[in-house]
Amino acid sequence: MSNRSEGWQVAPAPGRGLRPGKDGRFELPLQVLRPGRAALASLVLTVVEAEQLHAALCYALDGEPAPDDAPPCREGTRYPGGRQRH
């Protein structure tokens, strides 16, 4: 969850995951909280933006152990020569 000094917080909306949206886009429901107020909003991404976010997250998670319930894309891939990439 993102926490700012002004009291704003942004996090994935509980119980709502990424879903297909209009025009081939993706929507990630978020909850936006600030003291005394709460709202739902969606982060809308094109396929290219979703791929860029996915790549950035993979890069950021490199070297971190994948949890047991992680999706298959978090499993390491073995390449010829024995090196492993996520």
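Look up a bit, the structure's there.
Residues numbered from 1 in each chain as written. Predicted model: local features only at pLDDT ≥ 70, side-chain atom pairs only at ≥ 80, totals over all residues. Heavy atoms only, no water.

Positive phi is not limited to glycine here, since D23 has a value of about 55°. By the element assignment, D23 lies in the loop between β3 (19-20) and β4 (26-34). On the basis of relative accessibility, which here comes to 74%, the residue D23 falls in the exposed class. (Helix = DSSP H or I, 4+ residues; strand = E, 2+ residues; numbered from the N terminus. Buried < 20%, exposed > 50% of the residue type's maximum accessible area, 1.4 Å probe, protein only.)

Here we come to helix α1 (residues 47-61). When the terminal C-alpha atoms of α1 are compared, their 21 Å separation across 15 residues agrees well with the 21 Å that a helix rising 1.5 Å per residue should span. After α1 finishes, the residue G63 shows a positive phi value of roughly 90°. (Expected span 1.5 Å × (residues − 1).)

Now for a nonpolar patch on the surface. A cluster of nonpolar side chains, namely L43, L53, L57 and L61, defines an oily patch on the protein surface of about 300 Å² accessible area. A total of three residues in the nonpolar patch trace back to one element, the largest contributor, which is α1. Judged by its relative accessible area of 47%, L57 is partly exposed. (Patch = residues over 30% accessible without salt bridge, like charges linked within 9 Å, V, L, I, M, F, W, Y side chains within 5 Å. Areas by Shrake-Rupley, 256 points an atom, 1.4 Å probe, with all protein chains shown as cover. Salt bridge = Lys/Arg side-chain N within 4 Å of Asp/Glu carboxyl O.)

What follows deals with the pairing of β4. Two elements, strand β2 (residues 9-12) and β4, share four bridges in a ladder whose sense is antiparallel. Opposite Q9, over in β4, you have L33 as the bridge partner. What sits between the antiparallel neighbours β3 and β4 is a turn of five residues, in which D23 has the positive phi angle 55°. With nine bridges joining them, β4 and strand β5 (residues 37-45) adopt antiparallel strand pairing. The residue of β5 that forms the bridge with L33 is A38. (Pairing = 2+ DSSP bridges.)

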